[in-house]
Amino acid sequence: MQARLALVHLSGMGPARVRWLLSRHDPIEVVARLRAGEHPAPIQDAPPGIRPTDLTEWRVEIARLDPQRLLQDQLDQGWTILHPDDARWPFAAEPEPPLLMFCAGDLDLLRAKPSVAIVGTRRCTSVGRSVAHRMALELAEAGVTVVSGLALGIDAAAHKGALDGGGAAVGVVGTGLDVVYPRRNQALWDEVIGSGLLISEYPAGMGPARWRFPARNRLIASLADATVIVESHGRGGALLTADESAERDKPVLAVPGSVLNPAADGTNGLIVDGAIPTRDADDVLVSLGWSAARSEPESEPSAVGSTRAHAPLVSKDACEAPTVDGAVADVVRHEVRAGAISIDALSVLTATSPMVVLAAVQAMADAGEVTLSGSMVVWRSG
Amino acid sequence: MLATVSTAVVQGVDGHPVTVEVHVSNGLPGYTLVGLPDASCRESRDRVRAAVLTTGLKWPDRRVTINLAPTGLRKQGAALDLPIALGVLAASGQIEAAAVRSYGAVGELGLDGAIRPVAGLVSLADAMEADEIFVPRSGAEQAAVVRPGQVRGAETLGEIVAALIGSEPLPPIVEPLATPSTDARVADLSDVRGQPLARWALEISAAGGHHLLMIGPPGAGKTMLASRLVGLLPDLDAAQALLTTRVHSAAGLAVPPGGLVERPPFRAPHQGSSAVAMLGGGSAAMRPGEISCAHNGVLFLDELGEFSVPILDALRQPLEEGVIRVSRAARAVTLPARFLLVAAMNPCPCGEGAQDGHCRCSDAARARYSRRLSGPLLDRFDLRVEVQPPTASVLLDGAGEESTAAVADRVAEARSRAAARGVRCNADLPAHCLDDVAPLAPAARSLLRKVLEAGELTGRGLRRIRTVARTIADLNGEDDEVSVDTIHAALALRTQPRTVLGVAS
């Protein structure tokens, strides 16, 4: 444990280097060799990018580390540190397993239970956010654990959805568990620790670095039984997660989007390349064979998914306000289902003043039917 | 011999009387200027001497001492050239000292003796302690506005000297021009195609004096809309016109030929403007800044996110009080700054953020961009509207839209309703009289209660919502209670812009 902890603290320690270091000897021996200035593994097998200076640097670093202190520091945080020998270690089949795993929250979530990763772009659309939220919520309700990366955008929506659906949210992060990144996710971070599970392969105090996020993606792919990409641009971390998932022979699912939507370029490309198209939680459950068939068909099919009890129905307050123009509200309802639409366009369509449209939309927003985002009206997002 | 001439200097927008005392005595020829002149004022010696000589008069080859009283007040600029010249001529006996005493004078001299215009003429004319005043011919109408029947416009030093020694008649008295200044409503609202929401917001802003923030991608028409807002505002009344003219004059802006600024000004300072240029201060004259030049008019800040954060935050006090207090080490002036703030910004640095998924900005860049707009400043905007680019069909085939004149009529009507309540516009309605002038219908009350309980609105926000709702009702010609629809609309016009929400959550 202490040897692994020391290795975790070395600079630039990514999955490929870990694999190389441990390719010949156990961690205790590796630490001893590093300390002595010997090669811990055959240099001809070293991953590209390893230079002799790295070994010198590690030697200096390892000489400074005090394994006993390190262990104490980590334990002081109140986290659980999982060792590969632990019965709960989830990465037995992982080709590039982490050295250790730092966990905060409910470790039972790692137990055998179906799990799905929902990931996607940080720069998502409101529709994407809504789809991710709803899918995560319904999967959580169906007893599936939702894994994601606690980034902004789709990841955050997926975590929120899972938490709203009764917990079972696992966040895999690319920093130390005490380094909230991005900072804006502080509340969500705390919530995931409180009612779900947060894990990382990095020790306390480890800050964000560009290369650690793709490395984090492999753990998401490894942890989940399948990966759903909700929205991704033509290039993006979410596509890496899809690759990692495919490499581990796990199903990759993708939510199709408009071909004009740049945030759906990546997902549409995945579908062309053979990913399983999926619309909602039911599709996920069916295509993974966890559910025999889609639940009973809706009376009115909708693009986003089922209108279930959690979607707030028209509230009592809305009924008390009969002044809202019913005809305008009907047009709004009809148009919004086809996609986000601006107040200006609605004003032209209904041939009424912006005031009438705004009043109607705001009343519908209060009732939870739609959301007014700037001057765009969108179907109620999570 | 001793001679005195009345004149004035301007600080901020106010003029201060100054007496030029000239003493010519025997002794070594010399020239001393005392009484806190700054560098530009000290330079007057060479101009005045050349002007006197080219006019065909003599420069005294004696000891010349000039004192600018009161000595505690810093004098700046070339406006004292003319009174100094007259003082020297009187003290050296070339004109009667008694003849000069009843006149005030202000003006810059050219080496050929020509009298050139100076900034702040309105305030200077107002402050001079004299029966009649000599001012530069161009711009004399401005001075005549505050001193009718007492202003004589002169073009050369020779003209004045000839009149004072009696060889020529005095330069004529200048009267303010009777013809009103030409209407500045050049950009018409009918040029704007589509944009019903933004047009409506513009109308509410003009009618109620509510500050407006427009957010939209490049090319959506934000600048076009903003430049048409000023056309919707009513003419300035006499007192407003005079004060705005004073400010413009002090700032050295061109004043319309009639002498009075009668239309609300439209100021659109560039985002790179310095704090002094925006807020005022700077030189000894404490020149008014852009926000004062926009007094009684519209201050348009395009690319709001590109202005420096300290400048934006400094706007908060004038927005609240209608004046800006500029303090420097030695002095402090209070400048008028009651303006309608209209701002435009892109949703994010790349400008494409309004369209879902098109933004190319990094998350950090977006966060940085939205941080520039502090919460308290954002709170001052009663109307926050997202402007979407109009579609091709609207641009090409759109019917002619309502003209400025039609909307301005409704605005004037709404403003007269506000005036009947004893305020300039609804934005000025004090909180305590809202229950009287903007009573809430029961449904509207319960709606607001719900919003307040949800924590989506602050106390200040509530007050602003109610004043905006009052304006909307005024524009619709409703006199009675504020309906729930109106409150809904007012709430929707105050939504958080998406820039500020960011892409998180």
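All values reported here derive from a predicted model rather than from experimental measurement.

**Some thoughts on the overall build of chain A**
Looking only at helices and strands, chain A has 16 helices and 12 strands in total. With 382 residues in all, chain A has 54% of them scored as buried. Contacts in chain A between residues far apart in sequence, at least 24 positions, make up 68% of those at least 6 positions apart. When the accessible area of chain A is evaluated, it comes to approximately 16400 Å², of which 53% is carbon and sulfur surface.

**Re the overall build of chain B**
Looking only at helices and strands, chain B has 23 helices and 18 strands in total. Principal-axis analysis of the C-alpha atoms places the extent of chain B at approximately 85 × 50 × 45 Å. Burial status across chain B gives 57% buried among its 505 residues.

**As for the sheet that holds strand 18 (residues 383-386) of chain B**
Residues and elements named next belong to chain B. Strand order in this open sheet of five strands is 11-14-17-10-18, and the pairing throughout is parallel. The two strands at the open ends of the sheet, each matched to only one other strand, are strand 11 (266-267) and strand 18. Alignment of strand 10 (residues 212-215) against strand 17 (residues 340-345), held across four bridges, turns out to be parallel. Opposite Met-214, over in strand 17, you have Ala-344 as the bridge partner.

**Considerations on the domain arrangement of chain B**
Interfaces are often sized by the amount of accessible area the parts lose when they come together. Residues and elements named next belong to chain B. Entries for chain B in the domain assignment read domain 1 (2-164) and domain 2 (189-501). Once you take the C-alpha centre of each, domain 1 and domain 2 turn out to be 44 Å apart. Contact with domain 1, which involves 16 residues of that partner, is made by 21 residues of domain 2. Roughly 1500 Å² is buried in total at the junction of domain 1 and domain 2, and carbon and sulfur atoms are behind 62% of that figure.

**Points about the domain arrangement of chain A**
Residue and element names in this part refer to chain A. Domain boundaries assigned for chain A yield domain 1 (2-76), domain 2 (105-287) and domain 3 (321-379). Facing the seven residues of domain 1 at the interface are seven residues of domain 2. For the domain 1 and domain 2 pair, buried surface summed over both sides reaches about 520 Å², with 69% attributable to carbon and sulfur atoms. When the buried area of domain 1 at its contact with domain 2 is split by residue, Val-8, Pro-15 and Gln-74 rank highest and sum to 64% of it. At the boundary of domain 1 with domain 2, the tally comes to zero salt bridges. The interface formed by domain 1 and domain 2 contains one residue pair in polar contact (both at pLDDT 80 or more). Taken together, the residues that form the side of domain 1 that touches domain 2 break down as three nonpolar, four polar and no charged.

**So, the pattern of salt bridges**
Residue and element names in this part refer to chain B. Applying the stated criterion across every chain, the model contains 37 salt bridges over all chains. Here Glu-321 and Arg-325 are joined by a salt bridge, their closest N and O atoms 2.5 Å apart. Judged by its relative accessible area of 38%, Glu-321 falls in the partly exposed class. Salt bridges sharing partners connect three or more residues here, namely Glu-320, Asp-379, Arg-380, Asp-382, Arg-384, Arg-460, Arg-464 and Arg-494.

**Things to note about the side chain of A:Thr145**
All names here are of chain A. Relative to the elements of secondary structure, Thr-145 occurs in strand 4 (residues 145-148). Since its relative accessible area comes to 2%, Thr-145 is described here as buried. Beyond its immediate sequence surroundings of up to four residues, Thr-145 is in contact with Leu-109, Lys-113, Pro-114, Ser-115, Val-116, Ala-168 and Val-170.

**Points about helix 5 (residues 67-76) of chain A**
Every α-helix winds through 3.6 residues per turn, so residues three or four apart in the chain are directed the same way. Residue and element names in this part refer to chain A. Buried residues of helix 5: Leu-70, Leu-71 and Gln-74, and no others. Down the axis, helix 5 shows its buried residues gathered within 95° of arc, on one side only. Residues of helix 5 that are exposed and point over 90 degrees away from its buried face: Arg-69 and Asp-76. On its buried side, helix 5 packs onto helix 1 (2-8), strand 1 (80-82) and strand 2 (101-105). Downstream of helix 5 by a residue or two, Gly-78 has a phi angle that is positive, lying close to 80°.

**Side note on the environment of B:Val5**
Residues and elements named next belong to chain B. For Val-5, the location among the structural elements is in strand 1 (residues 2-11). For the pair Val-5 and Ala-130, spaced 125 residues apart in sequence, the C-alpha separation works out to 9.0 Å. Ignoring anything within four residues of it in the chain, the contact list for Val-5 reads Val-18, Thr-19, Val-20, Pro-83, Leu-86, Gly-87, Val-100, Tyr-103 and Ala-105.

**Remarks on the nonpolar core**
Counting residues in each nonpolar core, the largest one holds 75 residues, and the members touching the most others are A:Leu358, A:Val361, A:Val377, B:Trp200, B:Ile472, B:Ile487 and B:Leu493. At eight residues, helix 8 (residues 196-208) of chain B tops the list of elements feeding residues into this core. Setting aside residues up to four positions removed in sequence, B:Leu493 forms contacts with A:Leu358, B:Leu197, B:Trp200, B:Ile204, B:Asp382, B:Leu383, B:Arg384, B:Val385 and B:Ile472. In terms of nonpolar packing, the next biggest core, distinct from the first, is built from 60 residues, A:Met13, A:Ile81, A:Ala169 and A:Trp189 among them.

**Notes on the packing of helix 8 of chain B against helix 18 (residues 404-420) of chain B**
Residues and elements named next belong to chain B. Across the interface, helix 8 lies against helix 18 with an axial gap of 8 Å and an inter-helix angle of 40°. Crossing of helix 8 against helix 18: the hand is right-handed. Here Glu-203, Ala-206 and Ala-207 of helix 8 come into contact with helix 18, specifically with Val-407, Arg-410, Val-411, Ala-414 and Arg-415. Grouping the constituent residues of the contact of helix 8 with helix 18 by class yields five nonpolar, no polar and three charged.

**What about helix 8 of chain B?**
Residue and element names in this part refer to chain B. Taking 1.5 Å per residue as the helical rise, helix 8 with its 13 residues ought to reach 18 Å, and the 18 Å between its terminal C-alpha atoms agrees with that figure. Most of helix 8 is tucked away: 13 of the 13 residues are buried. Downstream of helix 8 by one or two residues, Gly-209 has phi in the positive range, about 65°.

**Quick look at the sheet that holds strand 12 (residues 376-379) of chain A**
Residues and elements named next belong to chain A. Strand order in the open sheet formed by three strands is 10-12-11, and the pairing between neighbours is antiparallel. Every interior strand has two partners, whereas the edge strands, strand 10 (341-342) and strand 11 (370-373), have only one. Pairing between strand 11 and strand 12: four bridges, direction antiparallel. Each residue of the ladder has a partner; that of Val-370, found in strand 12, is Trp-379. Against the sheet, helix 14 (residues 326-338) contacts strand 10, strand 11 and strand 12, and its axis sits at roughly 75° relative to strand 12.

**Overview of the pairing of strand 5 (residues 169-173) of chain A**
Residues and elements named next belong to chain A. The element strand 5 is extensively covered by neighbouring structure, given that five of its five residues are classed as buried. For the crossover that starts at strand 4, traverses helix 7 (residues 154-164) and ends in the parallel strand 5, the hand is right-handed. Inspection of the sheet shows strand 5 paired to strand 6 (residues 197-200) by four bridges, in the parallel sense. Across the sheet, the residue bridging to Val-170 is Leu-197, located in strand 6. Read from strand 5 through helix 8 (residues 186-195) to strand 6, the crossover connection turns out right-handed.

**Description of the packing of helix 16 (residues 354-366) of chain A against helix 22 (residues 484-492) of chain B**
Two elements in contact, helix 16 of chain A and helix 22 of chain B, have axes whose closest approach is 8 Å; the angle formed by their N-to-C orientations is 85°. Of the possible angle classes, the one that applies to helix 16 of chain A and helix 22 of chain B is roughly perpendicular. Residues A:Met355, A:Leu358, A:Ala359, A:Gln362, A:Ala363 and A:Asp366 of helix 16 of chain A touch helix 22 of chain B, and the partners they reach there are B:Asp485, B:Thr486, B:His488, B:Ala489, B:Leu491 and B:Ala492. Of the residues belonging to the contact of helix 16 of chain A with helix 22 of chain B, the class tally is seven nonpolar, three polar and two charged.

**Thoughts on unusual backbone geometry**
Between A:Tyr181 and A:Pro182 the backbone carries a cis peptide bond, its omega angle lying at -10°. Assignment of secondary structure puts A:Pro182 in the loop between strand 5 and helix 8. For the peptide bond that leads from B:Ala69 to B:Pro70, omega is 0°, which places it in the cis range. As for its position among the elements, B:Pro70 is in the loop between strand 4 (63-69) and helix 3 (81-91).

**Observations regarding the confidence of the model for chain B**
All names here are of chain B. Across chain B, the average pLDDT comes to 87, with 94% of residues at or above 70. Counting interchain partners and residues more than four positions distant, the pLDDT-below-50 stretch residues 500-505 has 16 contacts. Scoring of the predicted complex yields 0.72 for pTM and 0.72 for ipTM.

**Re the environment of B:Thr71**
Residues and elements named next belong to chain B. Mapped onto the secondary structure, Thr-71 falls in the loop between strand 4 and helix 3. Taking relative accessible area as the criterion, Thr-71 reaches 46% and is therefore assigned partly exposed. In this structure the C-alpha to C-alpha distance between Thr-71 and His-16, which are 55 residues apart in sequence, comes to 12 Å. Excluding its chain neighbours within four sequence positions, the residues that come into contact with Thr-71 are Gly-35 and Leu-36.

Here is what the cut-offs are and how they apply
- Residues numbered from 1 in each chain as written.
- Chains lettered and ligands numbered in written order.
- Predicted model: local features only at pLDDT ≥ 70, side-chain atom pairs only at ≥ 80, totals over all residues.
- Heavy atoms only, no water.
- Helix = DSSP H or I, 4+ residues; strand = E, 2+ residues; numbered from the N terminus.
- Buried < 20%, exposed > 50% of the residue type's maximum accessible area, 1.4 Å probe, protein only.
- Contact = heavy atoms within 4.5 Å.
- Areas by Shrake-Rupley, 256 points an atom, 1.4 Å probe, with all protein chains shown as cover.
- Pairing = 2+ DSSP bridges.
- Domains from an automatic or database assignment.
- Buried area = accessible area lost by both parts, 1.4 Å probe.
- Salt bridge = Lys/Arg side-chain N within 4 Å of Asp/Glu carboxyl O.
- Polar contact = N/O pair within 3.5 Å; in protein donor to acceptor, adjacent residues only side chain to side chain.
- Nonpolar A, V, L, I, M, F, W, Y, C, P; charged D, E, K, R; others polar.
- Arc of directions from axis to C-beta.
- Core = buried A, V, L, I, M, F, W, Y, C linked by side-chain atoms within 4.5 Å.
- Axes fitted to C-alpha atoms, helices over the stretch in contact; angles between N-to-C directions.
- Left-handed = near helix turned anticlockwise from the far one by under 90°.
- Expected span 1.5 Å × (residues − 1).
- Right-handed = clockwise from strand over helix to strand, strands pointing away.
- Parallel < 35°, antiparallel > 145°, perpendicular 65-115°, else oblique.
- pLDDT = per-residue confidence, 0-100.

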